[in-house]
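Single-letter residue listing:
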Amino acid sequence: YSPALTGRNCLLKCIIKTHRKMAPNLRIRLLRNLMRLGSFILTRFPFWNCFSMLMLFAERAEARRKPDIPIPYLYFDMGIAVLCASFMSFGVKRRWFALGAAFQLTVSTYAAYIGGHVRYGDWLKVRMYSRTFAIIGGFLILASGAGEIYRQKPRTRLLQSVGQIFVGIYLICVAWALQHSNEDRVAYLNYIVDQEIALQLLFIVYGLLALSFLSGYYVRTAAQVLAVLMPLAILFIDCNIGYWHDSRRVEFWNQLKLIGQNVGIFGAVLVLATDG
C-alpha cells in the first residue's frame, strides 16, 4: 500500500471527471455562440441589402437607367426594411419585426418583378429570386422563435416549416443551375479537378439537402452540412467578381448584393444547424 500512489489515482480521477463535465459545457457554449452569430448576420442583412441597392441604382443612374422599383416607393420600402432591421438587431419584438421584414422583402421583390424596368437573363433571375426566397425563409425561421437564447414563448412550428421550404426551394435552384446554367457550371469548373463527376456529386448533395428541407426530416443535420458548404461557395464562387462582372456582365453592385444575400442565408442556416 502506497499513500503517494493512492493520491495520484485520486488526482487522475478528479481530472477525468472535470474533463467530462467541461466537454458538454464547451459544446453547448460553442453551439450557442454559433446561433448568436447566425442571428446577428440575418438581423443585420437588411442594412447591407439597402446599401447595395442604393449603390446599384446609383450605378444605373449614371447610365440613365431606371431602378427596379419606382423612386417614391423605393425610399418607403427601404425605410421599412431599416426599421425592421433596427428592431430585430436590438431584440425588440424580434418575432414580429422578422415577420415584417419577410413581408417587406416579398412585396419589394414582387414590385421589382412586375416593374419590368430591367431585363435579366433567365440564369440571373434564378440566382436573384431564389436567394431572395431563401432570405424570406430565414426571416420566417426567426419569426418562429428559432435563434432565441432565452425563449419565453413556444416556437411556432408552422412558420419554421414554411421558412425551411423556402430554403429548400433555393437549394433546388442551386441544383438546377449546376445542370442547366452554363454560367454557373463554368464558375464551379474553374475550381474543380474531376470536373463533370464532381459537378454531378454536388448536384446530388444539393438535391438531397433540398429534399431534407422540403420534407422536414433531418433538417438540423442538413443545415450543418450546408453550413460547411456555403462559406466555400461564397468565397470561391460568389467572390469571383472578375468572372461575374467582366465575363458575365453582372453589374458590380448587383453581384455584391448577391454575395450579401448568400451571407444572410448562411446566417439562417447557422440558426437551423444549432437550434433546428
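**Points about the nonpolar core**
Nonpolar side chains tend toward joint burial in soluble globular proteins.
Piece 1. In terms of nonpolar packing, the biggest core is built from 70 residues, with Phe139, Leu171, Tyr188, Tyr206, Phe213 and Leu226 touching the most fellow members.
Piece 2. When residues in this core are grouped by element, the largest group, twelve residues, is from helix 10 (residues 252–275).
Piece 3. Residues within four places of Phe213 in sequence aside, it is in contact with Gln164, Ile165, Val167, Gly168, Leu171, Val219, Ala222, Ala223, Leu226 and Leu272.

**Re the environment of Tyr191**
Piece 1. Tracing the backbone through its elements, the reader meets Tyr191 in the loop between helix 6 (182–189) and helix 7 (195–215).
Piece 2. The class of Tyr191 is partly exposed, set by a relative accessible area of 43%.
Piece 3. A C-alpha to C-alpha distance of 32 Å links Tyr191 and Phe139, two positions 52 residues apart in sequence.
Piece 4. In this structure Tyr191 touches Phe236, Ile237 and Asn240, once residues within four positions along its chain are discounted.
Piece 5. For Tyr191, the side chain forms a polar contact with the main-chain oxygen of Phe236, separated by 3.3 Å.

**Side note on the layout of surface pockets**
Piece 1. Taken as a whole, the largest pocket holds about 540 Å³ of empty space.
Piece 2. Of all the secondary-structure elements, those providing two or more residues to the lining of the largest pocket are helix 1 (3–62) and helix 3 (94–115).
Piece 3. Per-element tally for the lining of the largest pocket: the top contributor is helix 1, with five residues.
Piece 4. For the lining of the largest pocket, the per-class residue count stands at eight nonpolar, five polar and seven charged.
Piece 5. Lining of the second largest pocket is provided by 23 residues; of these, Asp68, Thr109, Ala112, Met128 and Tyr129 occupy positions nearest its centre.
Piece 6. Looking at the lining of the second largest pocket, the elements that each hand over two or more residues are helix 1, helix 3, helix 4 (122–143) and helix 10.
Piece 7. Ranked by residue count, the leading element in the lining of the second largest pocket is helix 3, at five residues.

**As for the pattern of salt bridges**
Piece 1. For the structure on display, the rule yields nine salt bridges.
Piece 2. A salt bridge links Arg131 to Asp238; the nearest nitrogen and oxygen atoms lie 3.1 Å apart. Remark: Asp238 occurs in helix 8 (residues 219–238) and Arg131 occurs in helix 4; sequence separation between them is 107 residues.
Piece 3. On the basis of relative accessible area, Arg131 is assigned to the buried category, the value being 5%.
Piece 4. On the accessibility criterion, Asp238 (2% relative accessible area) is buried.

**Observations regarding empty space enclosed by the protein**
Piece 1. One pass over the structure, following the stated rule, counts two cavities of 30 Å³ or more.
Piece 2. One number sums up the size of the largest cavity: a volume of about 230 Å³.
Piece 3. What lines the largest cavity is a set of 20 residues, and nearest its centre among them are Arg127, Arg131, Tyr170, Val174 and Tyr188.
Piece 4. Broken down by secondary-structure element, the contributors of at least two residues to the lining of the largest cavity are helix 4, helix 5 (157–180), helix 6 and helix 8.

**Some remarks on the environment of Ser144**
Piece 1. Following the sequence through the fold, Ser144 ends up in the loop between helix 4 and helix 5.
Piece 2. On the basis of relative accessibility, which here comes to 0%, the residue Ser144 falls in the buried class.
Piece 3. In the structure, Ser144 is positioned twelve residues away from Thr156 in sequence and 4.6 Å away in space, judged by C-alpha atoms.
Piece 4. Once residues within four sequence positions are removed from consideration, Ser144 is found in contact with Arg95, Arg155, Thr156, Leu159 and Gln160.

The rules behind these values
- Residues numbered from 1 in each chain as written.
- Predicted model: local features only at pLDDT ≥ 70, side-chain atom pairs only at ≥ 80, totals over all residues.
- Heavy atoms only, no water.
- Core = buried A, V, L, I, M, F, W, Y, C linked by side-chain atoms within 4.5 Å.
- Buried < 20%, exposed > 50% of the residue type's maximum accessible area, 1.4 Å probe, protein only.
- Helix = DSSP H or I, 4+ residues; strand = E, 2+ residues; numbered from the N terminus.
- Contact = heavy atoms within 4.5 Å.
- Polar contact = N/O pair within 3.5 Å; in protein donor to acceptor, adjacent residues only side chain to side chain.
- 1 Å grid on protein atoms, 1.4 Å probe; cavity = no way out; pocket = protein on both sides within 12 Å on 5 of 7 lines; lining within 4 Å.
- Points joined across faces, edges and corners; volume = space filled by probe spheres on them.
- Nonpolar A, V, L, I, M, F, W, Y, C, P; charged D, E, K, R; others polar.
- Salt bridge = Lys/Arg side-chain N within 4 Å of Asp/Glu carboxyl O.

Note that every value here comes from positions in space, so none of it alone points to a role or purpose.
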